[in-house]
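The residues making up each chain are set out below.
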Amino acid sequence: MKNFVNQLSENRKFLESALPAEDILYYAFSSADGVECFLAYADGMVNKQLLGELAAAPLQVTALKREKPQEDGTVYEVNAELIAQTVLFPEIKEVEKTQDALRELLDGNTLLFVDGLACAFVVGAKLLPVRAVTEPPTDVAVKGPREGFIEDVKTNMILVRKRLKAPELKLQMQRVGRRSDTMVCVCYLEGICNDEIRKEVENRLKKIDIDVIPDSSYIATLISERRHSIFRSVGTTERPDVFAAKLAEGRVGLLVDGSPIALTLPFAAVEDFQSNEDYYVSPFMATIFRALRLISVLIALISPALYVCSQLFKIQLLPLGLTLTIAESTSRLPLSPSMEMFVVLFVLEVLKEASIRMPKYVGMSLSVVGALVLGEAAVSAGFLSTPTIIVVAFSGICLYAVPNFVETGSILRWLFLIVGGSFGPFGLTLCIGFVLYYMLSADNFSMPLLAPFAPMTRSDLKDALVKYDIAALSKRPTIFGSKNRTRMRVKK
Amino acid sequence: MKKQAPKSLTNKNNGTTINARQLSLFLAFFLPVGKILELPSLLARGAGGDLLLPAFLGSLLEFAALCALLLFAARSEQSVFERLENAVGKWAARALYGLYAAYLLCSSALPILDLEKFSHAAFSDTEPTFFSFTPFFILSGFICTKAFKSIGRCSDLSPALFLIPFLGLILLSVSEADFSSLLPLFEKPFSSSAKTLLHALPHFPAGGLLLPLMSGYKYEKGDAKKVLPAFGVGSLLFWVFLAVFYSVYGTTAAREHYALAKIAQYFPALNWIGRIDLLLVYTLTIQLFFFTALPLQLCTHCVCKTLEKPWQVLVSAALNLALFFAVLFLNRHYDNIYEFFTRSLWWVFLIFSTVLPLCAPLLAIKKGGGKASTKAKKEETQCTQKTP
């Protein structure tokens, strides 16, 4: 059946056969003049009290039939307009196609059927279980707004709209996933966003053919140009203020139903080193923070490999006194420096993984057991040396200075360690060169990954590693190709 | 009048363009890295304390080639090869591409051999086997598959990769330098300097690299004012290094191969804080890797143009594999090969890196590339400017 028929029983039979699920409930009642009606809804997704008070109750006291004079006498027919007026919901619409009605029902809306009408009324009585808007756990800031996205796309859209009360803000819905039918909201500011990039994003979303989208990370992977790259090609944020700011720069944003993580694109690697807090503190502090983050990441990536290189290939890298101290603590170890580093790094990764998955209180004890007891015992027993544990611990801490880079950083750290341990500082330097060349030749949605450094865009360098005063950022970044570049007019 | 918004990057970058800023950075901070490896020792061997003279003459030759190529670019909207194709025919252009591919392949051998020796000096306390150097060919193979835009972007990064470590090394080493070693000037006869220059020609590759590279460059009015001073900066940095190098090592400079790795090691504080100068050397080496792979990258481009096929990956693999085996063999006869290149093949380098680029403007004159074509070209470049 493609369209509904005007017989109520047939429509109900169709629904029951199309959705033979126990959570789909039907509530039948009659109008004041005896016209049979029923409501169909998914249990737990609807505000039943409101539905009863504002839809069923008014209909039960209203006569729905009206007279229609014809040549062979007067006939009575159901007045569809009256139904729409009687049901006291602002969101009510008619659907004739069965597929549309089923989609609305599964979305949490209620379907109202009236005998004699070959359509269903979609009543917006949706009440989905959503959690409260809280501070995002992965994106905590000392200064700045505390709101974070949640799993409900509609709430997320409101959070964005609250910050961008502009008619130019477009929120276009697309459905992705054959079975999950996930709503993906494409957000952009018309006149500011580059249309070519937006169209490309929309095209790539349309091309996705997958059954279920459990999280926005699926979308991020599926629309990426380089799916096998270890570098991210789509920006992520849980903060509506960051999301709104990125839209205002000319980016395209994606809100995915069921995921609190919003996507922004195009993405440049430098974004990982920027924090929302940088814009709420003085530019000097922001620049220092960014420099700290960059140095921390470099230390995190290179220090384990460089330590191994200094032990195996180039002893001169460390001062003589330090070399002798290290030699003293490593002289009786059963493992080679590279193997030892490998083991300690492995332990760190295991501890990290376990502490994330463990319940909070167990996690704390795990940290104590893992970091203190295990580490101390391993050193006392002569399995591991103190310098190696210090290097790995410091490397681990440094990597978390840039939370969004942790995944990539972990992989690169392993890679550098393996190459550095095998080929020495030459291999390590070569590997860094390789990664650098890969990055500088990579593009995301035609935007270079290393923008604005390579290719160098002088105006965009004002908000790269060095953060200029907000007045100096009166133009939007050039790299997004925005049609309207003026962000702020500075009155002198 | 309303200012036109900058164009999007999305639909115009075909991956082959390089702009004036990138060319300037290439000449200032990318090109000199290849000259500070073995060339200082070579110049000191031939010219002693007068090593700045052949260096100056060499830079002058490069400058002349650069001027000629800029003149050509200013007069013609096409590359040298396209111009040749229009003037003489397709086969002539393909032949030139083929010749340049052969030249670039041969000319890449010496820098790779130098890099291999340098890697032993800078990266290991012991003498590693040749196979520890083989991963370089993986990087080189990867670089060769990339278009000209990566060379441009690489140039954009060169201030960080070259200038900062270079200045760091100079600052660390200058404290031990005795600049009086360079005096008296012109101690040796000019013929000696000229001979040294000829033997050092393989180390002045600017013209030979720029000719194919500039096929991805569109001249805009005023570019010469940026590009030529940038070359001056690059040359100046090279001369500064030579001066510091000879001042640190004096009469033993001729025997100090790959001095870059150890020039700053005499800085007193390094005894206490370790060889942090090596971190600067390693950073500079990243740029050196990119520079060493550059002739092969251009060679891959030329081979693809000769064959008229977009087989970058295949050609890159073949070239790097061939060079790997060549270097594996030549490595044992390094001194002989070095002698052969510097003593016998200097004229080949002279032709490809100086004479042919100097002849390039003739092509533009022949076909009437004057003002009209410059204007047409200007219109075209307005559409592509700011393209990385």
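Residue positions are counted from 1 within each chain, in the order its sequence is given. Following the order in which they are written, the chains are lettered starting with A and the ligands numbered starting with 1. This being a predicted model, a pLDDT of at least 70 is required before a residue's local features are given, and a value of 80 or more before pairs of side-chain atoms are given or counted; all residues contribute to the totals for chains, interfaces and linings.

Draft legend 1. Focus on the sheet that holds strand 11 (residues 252–256) of chain A. All names here are of chain A. Strand order in this open sheet of five strands is 8-9-11-12-10, and the pairing throughout is antiparallel. The open sheet has two edge strands, strand 8 (169–176) and strand 10 (235–237), and neither has a second partner. On average, each strand axis in the sheet is tilted by 25° relative to the strand beside it, whichever way the strands run. Relative to strand 11, strand 9 (residues 182–189) runs antiparallel, the two sharing four bridges. The partner of Val-184 across the bridge, within strand 11, is Val-256. In short, DSSP must find at least two bridges between two strands for them to pair. For helices the rule is a DSSP run of H or I covering at least 4 residues; for strands it is a run of E covering at least 2, with both sets numbered from the N terminus onward. Lines fitted to C-alpha atoms define the axes, with helix axes restricted to the stretch in contact, and inter-axis angles between N-to-C directions lie between 0 and 180 degrees.

Draft legend 2. Inspection of the sheet that holds strand 7 (residues 120–123) of chain A at higher detail. All names here are of chain A. With antiparallel pairing, the five strands of this open sheet are ordered in space as 1-2-6-7-5. Each of the sheet's edge strands pairs with one partner strand only, and the pair in question is strand 1 (24–30) and strand 5 (92–95). This sheet shows a mean twist of 25° between the axes of neighbouring strands, independent of strand direction. Relative to strand 7, strand 6 (residues 110–114) runs antiparallel, the two sharing four bridges.

Draft legend 3. The arrangement of unusual backbone geometry in detail. The amide bond that connects Leu265(A) to the next residue, Pro266(A), takes the cis arrangement and shows omega of 5°. Note that Pro266(A) resides in the loop between strand 12 (262–265) and helix 9 (283–312). Phi angles above zero are rare outside glycine, and Phe445(A) is one such case at about 50°. For Phe445(A), a count of 24 C-beta atoms within 10 Å puts it in the buried group. With phi around 55°, Glu308(B) is a residue other than glycine that occupies positive phi space. Overall, Glu308(B) belongs to the exposed group, with 10 C-beta atoms counted inside 10 Å. Residue burial here comes from a neighbour count, namely the number of other C-beta atoms, placed from the backbone, that lie within 10 Å of the residue's own C-beta, with 20 or more meaning buried, 12 or fewer meaning exposed, and in between meaning partly exposed.

Draft legend 4. Quick peek at the interface of chain A and chain B. Counting residues at the interface gives 39 residues for chain A, matched by 37 residues for chain B. When contributions to the side of chain A that touches chain B are tallied by element, the ones reaching two or more residues are helix 6 (195–207), helix 14 (406–441) and strand 14 (447–448) of chain A. Among the residues forming the side of chain A that touches chain B, the class breakdown is 23 nonpolar, twelve polar and four charged. Any two residues are considered in contact once their C-beta atoms, placed from the backbone, lie within 7 Å. Three classes are used: nonpolar for Ala, Val, Leu, Ile, Met, Phe, Trp, Tyr, Cys and Pro, charged for Asp, Glu, Lys and Arg, and polar for all others, with Gly counted as polar.

Draft legend 5. How the structure looks around the packing of helix 1 (residues 20–30) of chain B against helix 7 (residues 148–174) of chain B. All names here are of chain B. At a minimum axis separation of 8 Å, helix 1 and helix 7 run at an interaxial angle of 35°. Seen from above, helix 1 lies across helix 7 with left-handed handedness. Two secondary-structure elements touch here, helix 1 through Gln-22, Leu-25, Phe-26, Phe-29 and Phe-30 and helix 7 through Gly-152, Cys-154, Ser-155, Asp-156, Ser-158, Pro-159, Phe-162 and Leu-163. Helix crossings fall into two classes, left-handed where the near helix is turned counterclockwise from the far one by less than a right angle and right-handed where it is turned clockwise.

Draft legend 6. Up close: the domain arrangement of chain A. Here chain A is described as being made up of domain 1 (8–123), domain 2 (153–267) and domain 3 (283–441). With centres defined by C-alpha atoms, the gap from domain 1 of chain A to domain 2 of chain A works out at 35 Å. Domain segmentation is taken from an automatic or database assignment of domains.

Draft legend 7. Local environment of the environment of Thr300(B). Residue and element names in this part refer to chain B. Structurally, the position occupied by Thr-300 is in helix 12 (residues 277–307). By the C-beta count within 10 Å, which is 30 here, Thr-300 ends up buried. Sequence separation between Thr-300 and Thr-145 is 155 residues; the distance between their C-alpha atoms is 7.8 Å. Ignoring sequence-local partners within four residues, the contact set of Thr-300 consists of Cys-144, Gln-312, Val-315, Ser-316 and Leu-319.

Draft legend 8. Structural detail: the nonpolar core. Residues of type Ala, Val, Leu, Ile, Met, Phe, Trp, Tyr and Cys that are buried and joined through C-beta atoms within 7 Å form what is called a nonpolar core. Formed by 207 residues in total, the largest nonpolar core has its most connected members in Leu69(B) and Phe245(B). Residue contributions to this core peak at 17 residues, all from helix 12 of chain B. Both domains that furnish three or more residues to this core are identified here as domain 2 (153–267) and domain 3 (283–441) of chain A. Residues in contact with Phe245(B), not counting those within four places in the same chain, are Pro40(B), Ala253(B), Ala259(B) and Ile263(B). Counting 29 residues, the second-largest nonpolar core is a separate cluster that includes Phe38(A), Phe113(A), Val114(A) and Leu117(A).

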